[in-house]
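Coordinates in review
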Amino acid sequence: MARKKIALIGAGNIGGTLAHLAALKGLGDIVLFDVVEGIPQGKALDLSQCGPVEGFDSQITGSNDYADIAGADVIIVTAGVARKPGMSRDDLLGINLKVMKAVGEGIKNNAPDAFVICITNPLDAMVWALREFSGLPHNKVVGMAGVLDSSRFSHFLADEFKVSIKDVTSFVLGGHGDTMVPVIEYSTVSGIPIPDLIAMGRSTQERIDAIVQRTRSGGGEIVGLLKTGSAFYAPATSGIAMAEAYLGDQKRVLPCAAYVEGKYGVDGLYVGVPVVIGAGGVEEIIEIALSDEAKANLQVSVDAVKELLVACRGIDNSL
Ligand code: TXD
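The structure presented is a predicted model; accordingly, all values stated were derived computationally and were not measured. (Residues numbered from 1 in each chain as written. Predicted model: local features only at pLDDT ≥ 70, side-chain atom pairs only at ≥ 80, totals over all residues. Heavy atoms only, no water.)

Per the UniProt record, the feature "domain: Lactate/malate dehydrogenase N-terminal" (unreviewed entry) sits at residues 5-143. Note that residues 5-143 is 40% helix and 18% strand, and that its end C-alpha atoms are spaced 19 Å apart. (UniProt positions renumbered as here; feature names shortened; annotations may be inferred. Helix = DSSP H or I, 4+ residues; strand = E, 2+ residues; numbered from the N terminus.)

This is the structure in structure tokens:
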């Protein structure tokens, strides 16, 4: 069977970590692409030299030429600028929208059959713009946010309940921003929903509310600590889980920014919802029943995403 090809557009903090994880997991050959000369080539050479020690044989190359992504099966996009302290994700829109236009062209011209995972912020707007610019089918372009936000939520819940992270599952829907919607009634410890654990006296509503808020500001918390940029290990790990679901036809049920038409009262927008990812890309959008509060919170999130798209159209009238 021919080896898979993974193209990473953006060879920065997340891009380099993506390449390392993809190589360690033997997902296929890897092309690191960036506009800065030397960075993708240097990181590719350094990563290749892990091979003899780790035993992986992925061919890892660096490039500044989109022609080198030709035939990629999976493309993960982190190109753009990241936050610094004091910046919101939305502050990145003006710069990163122009980057998505260039990336979209590169993908359209060189790898139109790829499954594209967008990570660049502001995520919900950038994944929509990337799909518009690339012209790929909506089910082959998806945004990574919910897997990361749910992982942050699960980590905090495992700490709170003093249980193994392996037994915590959680759902975070909506936009990748302050309006994201951690859904506690669908978050469990070994299948026991959080509201039941509260009723059992294992925690309190106040403590869970504080964890929900910490999850919402999870990105900002790390930006404030690092000061030089934003999180990259967990974002990369989350993106790789989505790539593996596609490459392995795993039918994973994951919270992702997907193109929603009709479900959740949303029509023609990318927003964080539970999806099935397999060899067909986003194969299904699962519409779960939501409490009135969760529905209202999701609507706030949808409205925030719509405002970002208005801003995008104000910058680029081709959208
Ligand atoms: O959950 C999520 N989706 C978020 C996403 C989690 C964390 C970080 N989030 C966003 O990912 C972050 O706000 C940024 O927008 C992206 C990438 O974050 P990263 O930490 O990897 O940023 P870096 O280290 O600055 O890397 C960005 C690279 C850098 O090497 C630039 O030279 C390159 O992008 N870049 C480009 N590559 C290709 N094409 C163009 N036009 C380009 N412009 C910059």
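Picking up after the structure, the text goes on.
The next subject is the site of the ligand. In the vicinity of the ligand, 26 residues are found, and the nearest of them are Asn13, Asp34, Val81, Ile119 and Met144. Asn121 places a polar main-chain atom, nitrogen or oxygen, 3.2 Å from an oxygen atom of the ligand. Taking 860 Å² as the accessible area of the ligand by itself, protein coverage stands at 87%. Within the residue set of the shell around the ligand, elements represented by two or more residues are helix H1 (13-24) and helix H4 (93-110). Residue contributions to the shell around the ligand reach at least three from each of two domains, namely domain 1 (5-144) and domain 2 (146-313). (Near = heavy atom within 4 Å. Polar contact = N/O pair within 3.5 Å; in protein donor to acceptor, adjacent residues only side chain to side chain. Areas by Shrake-Rupley, 256 points an atom, 1.4 Å probe, with all protein chains shown as cover. Domains from an automatic or database assignment.)

A separate point is the packing of aromatic side chains. Counting across every chain of the model gives five aromatic pairs. Look at Phe115 and Tyr246: their rings are 4.5 Å apart centre to centre, the planes differ by 20°, and that puts the pair in the stacked class. Highlighted residues: Phe115 in strand S5 (residues 115-118) and Tyr246 in helix H10 (residues 233-247), separated in sequence by 131 residues. Summarising the burial analysis for this pair, Phe115 and Tyr246 share the class buried. (Phe/Tyr/Trp six-rings, centres within 6.5 Å; stacked < 30°, edge-to-face > 60°. Buried < 20%, exposed > 50% of the residue type's maximum accessible area, 1.4 Å probe, protein only.)

Right, let's talk about the nonpolar core for a bit. Grouped together as the largest cluster of nonpolar side chains are 91 residues, with contacts concentrated most on Ile75, Val77 and Ile117. Residue contributions to this core peak at eight residues, all from helix H5 (residues 123-134). Residues lining this core come from more than one domain, with at least three contributed by each of domain 1 (5-144) and domain 2 (146-313). Apart from the residues lying within four places of it in its own chain, the contact partners of Ile75 are Ala7, Ile9, Ile69, Ile107, Ala111, Ala114, Phe115, Val116 and Ile117. The next biggest cluster of nonpolar side chains, apart from the first, holds 16 residues, and it includes Phe153, Phe156, Met180 and Ile198. (Core = buried A, V, L, I, M, F, W, Y, C linked by side-chain atoms within 4.5 Å. Contact = heavy atoms within 4.5 Å.)

Attention now goes to unusual backbone geometry. Of the consecutive residues Asn121 and Pro122, the connecting peptide bond is found in the cis state with omega at -10°. Structurally, Pro122 can be placed in the loop between S5 and H5. Backbone geometry at Lys227 places phi at a positive 65°, although glycine is not the residue there. Structurally, the position occupied by Lys227 is in the loop between helix H9 (218-226) and H10. Backbone geometry places Tyr264, a non-glycine residue, at a positive phi of 60°. Its location among the elements puts Tyr264 in the loop between strand S12 (252-261) and strand S13 (267-278).

Let us now look at the pairing of strand S2 (residues 29-33). The element S2 is largely enclosed, with a buried count of five among its five residues. For the crossover that starts at strand S1 (residues 5-9), traverses H1 and ends in the parallel S2, the hand is right-handed. Where S2 and strand S3 (residues 60-63) come together, four bridges link them in parallel fashion. Note on S3: the bridge partner recorded for Ile30 is Ile60. (Right-handed = clockwise from strand over helix to strand, strands pointing away. Pairing = 2+ DSSP bridges.)

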